[in-house]
Amino acid sequence: VDAVEIVRQPLWNNLKQEKGPFDIIGDIHGCFDELIELLVKLEYTYQNGLYIHPRGRKLISIGDLNDRGPNSLKVIRLWMNLVENNLALYVYGNHCNKFYRYMAGRNVKITHGLENTVDEFLSLSVKEQESFRQAYIRFYESQSYYWILDEGRLIVSHAGLKEEWIGKTGQKMQSFCLYGDITGKTDEAGHPIRKDWAKDYDGSSFIVYGHTPVLRPIILHETADIDQGCVFGGNLTAFRYPEREFVQVPSKQPVVEEQMKRMIAKYEELVHI
């Protein structure tokens, strides 16, 4: 060999050239009506089955499109169309991952809200089921568990990401992005106990995430949790970047008192750091 040329290729989730502006949407969980209300409030207009911003803003979902809420398939179809038309990005969450594995024919437990999504899916005709299955698998596999955006200034992940893992990929990183900093333990109510990774984050990249619902959005150490528990009766939140503004609409779902108490406690814990 006389000469070797080394060509570096960026990771598939490296979209540093995408600078926005972005509207990043928190956990939707099948709350289709609230999603449409939020898009309208963000000044998106309905055109030929799509929601388009007059000034070219781009949407990003932080995952968990489905489960628990009343209209998971409508939310998924809308977001698939937005992504296909280069109007949106998507990072999949733990509920998305579980539904993907179900769609791929793997053995998963139909619990924690997945039963709602599966019921919607099984109500379709056999032909419609197969068409949706193929489209969803293509959609999911075309996206990522986190995106690097705006020259690395912005990271979007479902449950967050440690600073030292930015720009890296692997099973450990994917698990963190889907589930957060899990300990493997559960509390008295059976909920998984997670470490609050954002408390110790000191990176320069701004990380927008969800997964753990809190009463109100809060910016902490260059991070923002924008899951305000819409499916539990809270709010559906958008984070506008680079403006760093929050836009919300109230939930139309019944209030789940136990979840609201947990959301209040988590917010109070974070706001006093």
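Residues numbered from 1 in each chain as written. Predicted model: local features only at pLDDT ≥ 70, side-chain atom pairs only at ≥ 80, totals over all residues. Heavy atoms only, no water.

The subject of this paragraph is helix α2 (residues 72-84). Spanning 13 residues, α2 covers 18 Å between terminal C-alpha atoms, matching the ideal 18 Å at 1.5 Å per step. The set of residues buried in α2 consists of Ser72, Leu73, Val75, Ile76, Leu78, Trp79, Met80, Leu82 and Val83. (Helix = DSSP H or I, 4+ residues; strand = E, 2+ residues; numbered from the N terminus. Expected span 1.5 Å × (residues − 1). Buried < 20%, exposed > 50% of the residue type's maximum accessible area, 1.4 Å probe, protein only.)

Taking strand neighbours across the sheet as the criterion, the five strands line up as β6-β5-β2-β13-β14 in an open arrangement whose pairing is mixed. This sheet does not close on itself; its edge strands, each paired only once, are β6 (88-90) and β14 (245-250). Averaged over all pairs of adjacent strands, the angle between strand axes in this sheet comes to 20 degrees, irrespective of strand direction. Both strand β2 (residues 22-25) and strand β13 (residues 235-241) contribute to a ladder of four bridges, which runs antiparallel. (Pairing = 2+ DSSP bridges. Axes fitted to C-alpha atoms, helices over the stretch in contact; angles between N-to-C directions.)

So, on to the nonpolar core. Residues Ile25, Trp79, Tyr90, Phe132 and Tyr136 are the most contacted members of the largest nonpolar core, which totals 71 residues. When residues in this core are grouped by element, the largest group, eight residues, is from α2. Apart from the residues within four sequence positions on either side, Tyr136 is in contact with Asn66, Ile76, Met80, Tyr90, Cys96, Phe99, Tyr100 and Met103. (Core = buried A, V, L, I, M, F, W, Y, C linked by side-chain atoms within 4.5 Å. Contact = heavy atoms within 4.5 Å.)

By the definition in use, this model includes 14 salt bridges. Its salt-bridge partner being Asp23, residue Arg240 comes within 2.8 Å of it at the nearest N-O pair. Note that Arg240 is positioned in strand β13 and Asp23 in strand β2, a separation of 217 residues in sequence. A relative accessible area of 12% means that Arg240 is categorised as buried. Among the residues examined, Asp23 registers a relative accessible area of 0% and is labelled buried. Residues Glu243 and Arg57 are paired through a salt bridge, measuring 2.8 Å at the closest nitrogen-oxygen approach. Residue Glu243 is located in the loop between β13 and β14, and its partner Arg57 is located in the loop between β4 (50-52) and β5 (58-61); the two are separated by 186 residues in the primary sequence. Under the relative-accessibility criterion, Arg57 is labelled buried at 10%. Linked through salt bridges whose partners overlap, the residues forming this network are Asp23, Arg57, Arg240 and Glu243. (Salt bridge = Lys/Arg side-chain N within 4 Å of Asp/Glu carboxyl O.)

What follows concerns a negative patch on the surface. Judged by side-chain charge, Glu163, Glu164, Asp200 and Asp202 come together as a negatively charged surface patch. Take Asp202: it is sitting in the loop between β10 (192-195) and β11 (206-209). Judged by relative accessible area, which is 62%, Asp202 ranks as exposed. (Patch = residues over 30% accessible without salt bridge, like charges linked within 9 Å, V, L, I, M, F, W, Y side chains within 5 Å. Areas by Shrake-Rupley, 256 points an atom, 1.4 Å probe, with all protein chains shown as cover. Lys, Arg positive; Asp, Glu negative; His and termini not counted. Charge placed at Lys NZ, Arg CZ, Asp CG, Glu CD.)

Before going further, it helps to spend a moment on the environment of Val208. Its location among the elements puts Val208 in strand β11. Separated by 47 residues in the primary sequence, Val208 and Val255 have C-alpha atoms spaced 25 Å apart. Setting aside residues no more than four positions away along its own chain, Val208 makes contact with Ile24, Ile62, Leu154, Ile155, Val156, Ser157, Ala224, Ile226 and Phe239.

In this section: the sheet that holds strand β12 (residues 223-225). Taken together, the five strands give an open sheet; going across it, the order is β1-β7-β8-β11-β12, and neighbouring strands pair in mixed fashion. Where the open sheet ends on each side, the last strands, each with one partner, are β1 (14-15) and β12. With three bridges connecting them, β11 and β12 associate as parallel partners. In the sheet register, Ile207 faces β12, and the bridge partner there is Thr223.

Looking at where Lys58 falls in the secondary structure, it is placed in strand β5. Filtering out sequence-adjacent residues up to four positions away, Lys58 remains in contact with Glu18, Pro21, Phe22, Asp23, Tyr44, Asn86, Leu87, Ala88 and Leu89.

The buried fraction of helix α3 (residues 94-103) is high, at nine of ten residues. Residues Asn94, His95, Cys96, Asn97, Lys98, Phe99, Tyr100, Tyr102 and Met103 constitute the buried set of α3. In this structure, the buried side of α3 is in contact with α2, β6, α4 (114-122), α5 (126-142) and α6 (171-179). With its phi angle positive at about 85 degrees, Gly105 sits one or two positions after the end of α3.

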